[in-house]
Amino acid sequence: MKIHKAYKFRLYPTKTQETLIHKTFGCTRFVYNYCLDLKRNNKHLTKFDLMKELPRLKKEYPFLREVDSCSLQNAITDLMAGFGLFEKGIGSYPRFKKKGEKESFRTSFVTSSYKGIVYENIKVDLTKRVIELPKLKEIKIRGYRNLDKLSGRILNATIREVGTKFYVSVCVEEEIEIQESSGSKAVGIDIGVKNLVVTSNHEYYGNPKYLDKYEKKIQRLQQELSRKIKGSKNYIKCKKKIEEVYRKLKNARKKLVEKIVSNITKSHDIIIAENLKVKKMLENKNNHKHLRKKIINATFSEIIRILRYKCQWLNKTFIQVSPYYASSQICSRCGNKESVMKDIRVREYKCSKCGLEIERDYNASINILNEGLKCYNN
Ligand SMILES: [Zn+2]
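About the thresholds
Positions within a chain are numbered from 1, following the residues in the order the chain's sequence is written. This being a predicted model, a pLDDT of at least 70 is required before a residue's local features are given, and a value of 80 or more before pairs of side-chain atoms are given or counted; all residues contribute to the totals for chains, interfaces and linings. Comment: elements are numbered from the N terminus, with helices defined as DSSP H or I runs of at least four residues and strands as E runs of at least two. Three exposure classes are used, based on other C-beta atoms lying within 10 Å of a residue's own C-beta, which is placed from the backbone: buried for 20 or more, exposed for 12 or fewer, and partly exposed in between. Contact between two residues is assigned when their C-beta atoms, built from the backbone, lie within 7 Å. Axis lines are fitted through C-alpha atoms, for helices just across the contact stretch, and the angle between N-to-C directions can take any value from 0 to 180 degrees. The scheme is simple: roughly parallel for angles under 35 degrees, roughly antiparallel for over 145, roughly perpendicular for 65 to 115, oblique for anything else. Note: crossing handedness is left-handed where the near helix turns anticlockwise from the far helix by less than a right angle, and right-handed where it turns clockwise. In this count, Pro and Cys sit with the nonpolar residues alongside Ala, Val, Leu, Ile, Met, Phe, Trp and Tyr, while Asp, Glu, Lys and Arg are called charged and the others, Gly among them, polar. We define the nonpolar core as any set of buried residues of the types Ala, Val, Leu, Ile, Met, Phe, Trp, Tyr and Cys, connected via C-beta atoms lying within 7 Å of each other. Pairing between two strands requires that DSSP report at least two bridges joining them. Segment limits for the domains were obtained from an automatic or database-derived domain assignment.

Colleague: Looking at this structure, I do not really get the overall build of the chain. What am I missing?
Modeller: Counting its regular elements, the chain contains nine helices and 16 strands. Principal-axis analysis of the C-alpha atoms gives the chain an extent of 70 × 65 × 40 Å. Sorting the 378 residues of the chain into buried and exposed places 27% on the buried side. Partitioning the intrachain contacts of the chain with sequence separation of at least 6 by distance along the chain shows that 66% fall at a separation of at least 24.

Structure representation (structure tokens):
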């Protein structure tokens, strides 16, 4: 089966290259914001419609021609991906990008041939320790000293600036064969409301009480805010308080998720999770509480985001099973599929065919593992 892997290198651009990288950040941000504005005024615009704007934009703003054209197209692709998540109820409505805010751009691998010679726009030479990128030419890199060659086919490269340092993440697609032994190092995880994460090794990671505490505090402050006169001194003060609690909640959640993820990735090579699905979001019985839903959804996305990131970083495989896979309806022992979805409050899965009685989320995590390995082996 094919997997995607990322190699992350530190980049050492020359002054001229650094200027061009900054220009590319600016141009991709410009295209992103320009298209976001168009999309806000006409939500029916498709990716194709926006791509068609590019040649006209380049005529009107010639500075766009100075940078890699793939990165401009990818800015549109990313914007549309953001809208896709928003429409599925997973992400928030795309926002305008600001200068200096997580600056990055992505270029895609393209080959062309001229007079029988094949040209590639992204090349990594680990003996010379350089990467060749469109428009930027050769840039010095550091990392993966023990490798003499990247395995797999290059798909794209993302260039980032973090503080004053530059990095490139080269994404490759690799054909791999699963070995017997690596199967035992695979784990399936179920993400849920009752237990944040349940693994197919029968490990439970609960939803700690302190997250609830923050949630209650935000709720109380929001009620307070609604009683204040909009724009008044007290209103602004209360709003600032809410933001502060949100910040604390976010930090606490990030710490918690990072701990869970590092525990899981430490002992496994293949991590299989669900694709965040609409079902999960509706499972919450306090459905009428918008805030709760928002916090839970954000926690779920955070788990997936950090899992994906950590797996890329550690060169591990991260698989997500189809959002249509009914992990909680299937019996992990005999494969029987119960047609009726049990109420989320029923914590036990009982198979009407083989009689298996098993904790609901644990059963789901085993199914996720098996389904993921099936995809992995094909
Ligand atoms: Zn069964």
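Colleague: Whenever I open this one, the packing of helix α5 (residues 209-226) against helix α6 (residues 233-266) confuses me. Can you help?
Modeller: Angle between the axes and distance between the axes: these two values describe a pair of packed helices. Two elements in contact, α5 and α6, have axes separated by 10 Å at closest approach and are oriented at 165°. One finds that α5 runs roughly antiparallel with respect to α6. Considering the relative orientation of α5 and α6, their crossing is left-handed. For the pair α5 and α6, the contacting residues are Tyr 210, Leu 211, Tyr 214, Lys 217, Ile 218, Leu 221, Gln 222, Glu 224 and Leu 225 in the first and Tyr 235, Cys 238, Lys 239, Lys 241, Ile 242, Val 245, Tyr 246, Lys 248, Leu 249, Ala 252 and Arg 253 in the second. Of the residues contributing to the contact of α5 with α6, the split by class is 13 nonpolar, one polar and six charged.

Colleague: Explain the nonpolar core here, please?
Modeller: In a soluble, globular protein the nonpolar side chains are often hidden away together inside. In this structure, Ile 189, Ile 271 and Ile 272 are the most contacted members of the largest nonpolar core, which totals 32 residues. Contributions of two or more residues to this core are made by β10 (186-191), β11 (195-199), α6, β13 (270-274), α8 (290-313), β14 (317-321) and α9 (360-377). Setting aside its immediate chain neighbours within four residues, Ile 271 contacts Val 187, Ile 189, Ile 264, Thr 265, Leu 307, Cys 311, Lys 316 and Phe 318. Ranked by size, the runner-up nonpolar core spans 20 residues in total, among them Phe 9, Ile 21, Ile 131 and Val 168.

Colleague: What exactly am I supposed to notice about the pairing of strand β4 (residues 117-120) here?
Modeller: When strand β3 (residues 111-114) meets β4, the two strands line up antiparallel, connected through four bridges. By the bridge assignment for β4, Thr 111 is matched with Glu 120. Counted along the chain from β3 to the antiparallel partner β4, the turn is two residues long, and its residue Lys 115 has a positive phi close to 50°.

Colleague: Honestly, the domain arrangement of the chain in this entry has me stumped. Any pointers?
Modeller: When the parts of a complex come together, some accessible area is lost, and that lost area is often taken as the interface size. Here the domain parsing of the chain yields domain 1 (2-175) and domain 2 (182-209 + 259-377). Between the C-alpha centres of domain 1 and domain 2 there is a distance of 32 Å.

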